[in-house]
Amino acid sequence: MTTTTTGTAGGPSAQGAPDGGAPPAARRAGARRLLSGFGLLGPRHGRHTLSADEVDALTLPIGDDGVIAGVDAEGRPAVLGLNRPTPYDVVLIGGLWTAQVLALRAAATGARVAVETGRPQAWLQMLHAMGGGQNGLAVYDVGRVPPQGASAGTPVLVVRDCGMRPPRGRVVSGPWQSLLTLLPYLSPVAPGLLRRARLAGIQRVSPDEAAELGRAMGLTPAEVESLPTLADGVTLWCADGDRQYVTTRPTDAETGLLGMPRRMD
């Protein structure tokens, strides 16, 4: 609805007045606002207010940011935050299949993946499927990984697939560059790597290996007993005293490229 106000007898109407018919005090206040840099006065609207209950209704279900490693025991997504501004070391005692799925999913989040491996043929199919190194994945011989130039805009995941006794690497974890070391079994170098790691993943191992891991990592008797019986694709992830069993379920595209989950290669 529009309301028109007319001026007093003998005076101009409010619509025709250059100042809109505002009283002198209002005109002076407006001039002061312009001079002080506040700009023109806008339209007047009622304030928008919400009750506490209404504010709660505005919350959004936003999850963690990272790579979806699988689902937990309740079927909820389990996310690994690999892209970090601080060095982040991960050790996976398990199969190549899981490491490759994590590498694929890391590349899908926009990270560049550099693979250091003594078995490049095991990565060739994945490399070709991703464009021959032009779309986020590159494969290097052991000791040949160049500096990656990681940054917040281009985070990097370095995967070290160098066997039971990986040599000291030229490329280490750093800001926005995480390092994932894959060990097929519990080797003599594993305890030192586990002590330095921020995150450790354990797949099916022998009872003797499970007992040794239990002592090294402070696992509960139930967790130690479970390790030799874990199904293919199941990983016990351990970080800062937290333990979580995660089942990695491949997508159709991942199954077509890498096959079904498996512990042995």
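Residues numbered from 1 in each chain as written. Predicted model: local features only at pLDDT ≥ 70, side-chain atom pairs only at ≥ 80, totals over all residues. Heavy atoms only, no water.

**Brief notes about the packing of aromatic side chains**
Each aromatic ring pair is specified by the distance between its two centres and by the angle formed by the two planes. How we decide: Pairing of aromatic rings covers Phe, Tyr and Trp, the last counted by its six-membered ring, and requires centre-to-centre distances within 6.5 Å; plane angles under 30 degrees mean stacked, over 60 mean edge-to-face, and any other angle means tilted. Whether a charge sits over a ring depends on NZ of Lys or CZ of Arg being within 6 Å of the ring centre and within 35 degrees of the ring normal.
In total, this model carries zero aromatic pairs according to the counting rule given. Here the basic side chain of R84 rests over the ring of Y88, its NZ or CZ set 4.0 Å away from the ring centre.

**Brief notes about the layout of surface pockets**
Quick note on the threshold: The rule is simple: put a 1 Å grid over the protein atoms alone, call a set of points where a 1.4 Å probe fits but cannot get out a cavity, call an open set with protein on both sides within 12 Å along at least five of seven lines a pocket, and count a residue as lining if it has an atom within 4 Å of a point. Grid points are joined across faces, edges and corners, and a volume is the space filled by probe spheres set on the points. Numbering of helices and strands starts at the N terminus; helices are DSSP runs of H or I of at least 4 residues and strands are runs of E of at least 2. Charged residues are taken to be Asp, Glu, Lys and Arg, nonpolar residues to be Ala, Val, Leu, Ile, Met, Phe, Trp, Tyr, Cys and Pro, and polar residues to be all remaining types, Gly included.
Each pocket or cavity is described by its volume, and for the largest pocket that value is around 420 Å³. Taken together, 18 residues form the lining of the largest pocket, with R160, G169, L179, L193 and R196 sitting closest to its centre. The set of elements that each furnish at least two residues to the lining of the largest pocket consists of β3 (88-93), β7 (177-183) and α5 (190-196). Along the lines of polarity and charge, the residues of the lining of the largest pocket split into 10 nonpolar, four polar and four charged. Of the volumes computed, that of the second largest pocket is approximately 350 Å³. As for the second largest pocket, its lining consists of 19 residues, and the residues nearest its centre are V79, L80, L199, W237 and A239. Mapped onto the lining of the second largest pocket, the elements with two or more residues apiece are β2 (77-80), β9 (234-239) and β10 (242-247).

**Details of the side chain of T235**
For the record, the criterion: Under this definition, polar contacts are N or O atom pairs within 3.5 Å; protein pairs additionally need one hydrogen-donor-capable and one acceptor-capable atom, and for neighbouring residues in sequence, both atoms have to be side-chain atoms. Every residue pair with non-hydrogen atoms within 4.5 Å of one another is taken to be in contact.
In this fold, T235 is placed in strand β9. A polar contact of 3.0 Å, which involves the side chain of T235, links it to the side chain of Q203. With near-sequence residues (within four places) excluded, T235 lies in contact with L92, T98, G201, I202, Q203, Q244, Y245 and V246.

**Focus: the packing of helix α3 (residues 96-108) against helix α4 (residues 121-129)**
Our working definition: Angles run from 0 to 180 degrees between N-to-C directions of axes, and those axes are lines fitted to C-alpha atoms, restricted for helices to the stretch in contact. Put simply, angles under 35 degrees are roughly parallel, angles over 145 are roughly antiparallel, angles from 65 to 115 are roughly perpendicular, and the rest are oblique. In a left-handed crossing the near helix is turned counterclockwise from the far helix by less than a right angle, and in a right-handed crossing that turn is clockwise.
Where α3 meets α4, the closest approach of the two axes is 12 Å, and the angle between their N-to-C directions is 30°. The orientation of α3 relative to α4 falls into the category roughly parallel. Judged by the sense of rotation from one axis to the other, the crossing of α3 with α4 is right-handed. Counted together, L96, Q100, A103 and L104 of α3 and A122, W123 and M126 of α4 form the full contact between these two elements. Residues of the contact of α3 with α4, tallied by class, amount to six nonpolar, one polar and no charged.

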